[in-house]
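Understanding the architecture of this molecule
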Amino acid sequence: MGDAKILVVEDELITAEDIKSGLEFAGYTVPAIVSSGEDAIEKAGELKPDLVLMDIKLKGEMDGIEAAGQIRVRYDIPVIYLTAYSDETTVQRAKVTEPSGYILKERTGLIKKPFEESELHTAIEITLYRHKIEKDHDRLFSAMLGSINQGIIATDSDGRIKLVNENAESLIGWKESEVVGKDLKDFLEDFNDLTSFKEKVSSNDGAEFKNIEVVSKDGSKVSLKGKVAVIKDENGEEDGFIVTFSRS
């Protein structure tokens, strides 16, 4: 996977060029170096890199953690943090964005590299391989979901949309790429309050619904019927919701 495209986000020019040189020597392509979170999001959408190498302290109003979160939600591009910051507050904020790696830079001068290149390259290769496997799994899973003659929407525990199958796209008038990362309540009007949404769902059998109105892309409303169920993780904790539906 050495020919992968890696976007470098780093506000120190000398460090950024050093990272770029090391990556290119290892066989990777670095299509751009940017120094702000805003530019990182724009370039990620424009260049569609295979991975983003992200510093946390950046130029501009947006830091690397906020930029990484938006890049993951909008483009599903994995992010590895390469940063000098390891305080508890920063680490906890970074964890929320589900990074593929967190590599610490030493606070050194230019006498030696501020990080171990072998550690970085190992993290990159593992991330690229894991992301490919996940993509292959997602394609297989999507093909299976596409064969089901009901609409299916899966969300995380906060109600943010993670997956929409083809039948659901047809029923609600939105493409999956347009709604992933957005709140389910923006589309299911009767579930406009997440608290009441959760209360509708039994921890065992889920909750059936009828005549739920979905706001389609063109502004029209579609009446649906179906069922909402809880998704649980390996510890039995609430991990999200799955909505199956058809026209009323």
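One can find the structure itself at the top, above this paragraph.
Residues numbered from 1 in each chain as written. Predicted model: local features only at pLDDT ≥ 70, side-chain atom pairs only at ≥ 80, totals over all residues. Heavy atoms only, no water.

Brief notes about the sheet that holds strand β5 (residues 101-104)
- If you trace the five strands from one edge of the open sheet to the other, you get β2-β1-β3-β4-β5, paired in parallel fashion. The sheet terminates laterally at β2 (33-34) and β5, the two strands that pair on one side only.
- Here strand β4 (residues 79-83) runs beside β5; their pairing, made up of four bridges, is parallel. Its bridge partner being in β5, Thr83 is matched across the sheet by Leu104.
- Helix α2 (residues 37-47) contacts β1 (6-9), β2 and β3 (51-54) of the sheet and is inclined by roughly 170° relative to β1. (Pairing = 2+ DSSP bridges. Helix = DSSP H or I, 4+ residues; strand = E, 2+ residues; numbered from the N terminus. Contact = heavy atoms within 4.5 Å. Axes fitted to C-alpha atoms, helices over the stretch in contact; angles between N-to-C directions.)

As for the pairing of β4
- Where burial is concerned, most of β4 is hidden: five out of the five residues are buried.
- Note that β3 and β4 share three bridges and pair parallel. Bridge pairing links Val52 to Val79 in β4.
- Viewed along the sheet, the connection from β3 through helix α3 (residues 64-75) into β4 turns out right-handed.
- For the segment spanning β4, helix α4 (residues 88-96) and β5, crossover handedness is right-handed. (Buried < 20%, exposed > 50% of the residue type's maximum accessible area, 1.4 Å probe, protein only. Right-handed = clockwise from strand over helix to strand, strands pointing away.)

A closer look at unusual backbone geometry
- A positive phi angle, near 50°, is found at Asp76, a position not held by glycine.
- The topology assignment puts Asp76 in the loop between α3 and β4.
- Here the phi dihedral of Glu98 falls at roughly 50°; this positive angle occurs in a residue that is not glycine.
- With respect to the helices, strands and loops of the structure, Glu98 is situated in the loop between α4 and β5.
- Taking the relative accessible area as the measure of exposure, Glu98 reaches 49% and is therefore partly exposed.

As for helix α1 (residues 13-25)
- An ideal rise of 1.5 Å per residue puts 18 Å on 13 residues; α1 measures up with 18 Å between its terminal C-alpha atoms.
- Residues of α1 that are buried include every one of Thr15, Ala16, Ile19, Gly22 and Leu23, and no others. Buried residues in α1, looked at end-on, bunch into an arc of 130°, giving them a common side. Exposed positions of α1 whose direction lies more than 90 degrees from the buried face are Leu13, Ile14 and Phe25.
- Downstream of α1 by a residue or two, Gly27 has a phi angle that is positive, lying close to 105°. (Expected span 1.5 Å × (residues − 1). Arc of directions from axis to C-beta.)

Here we look at the sheet that holds strand β10 (residues 238-247)
- Strand order in the open sheet formed by five strands is β7-β6-β10-β9-β8, and the pairing between neighbours is antiparallel. Of all the strands in the sheet, just β7 (161-164) and β8 (207-215) have a single pairing partner and so form its edges. Mean inter-strand twist for the sheet, computed between neighbouring axes without regard to direction, equals 30°.
- Relative to β10, strand β6 (residues 151-156) runs antiparallel, the two being bridged by six bridges. Its bridge partner being in β10, Ile153 is matched across the sheet by Val243.

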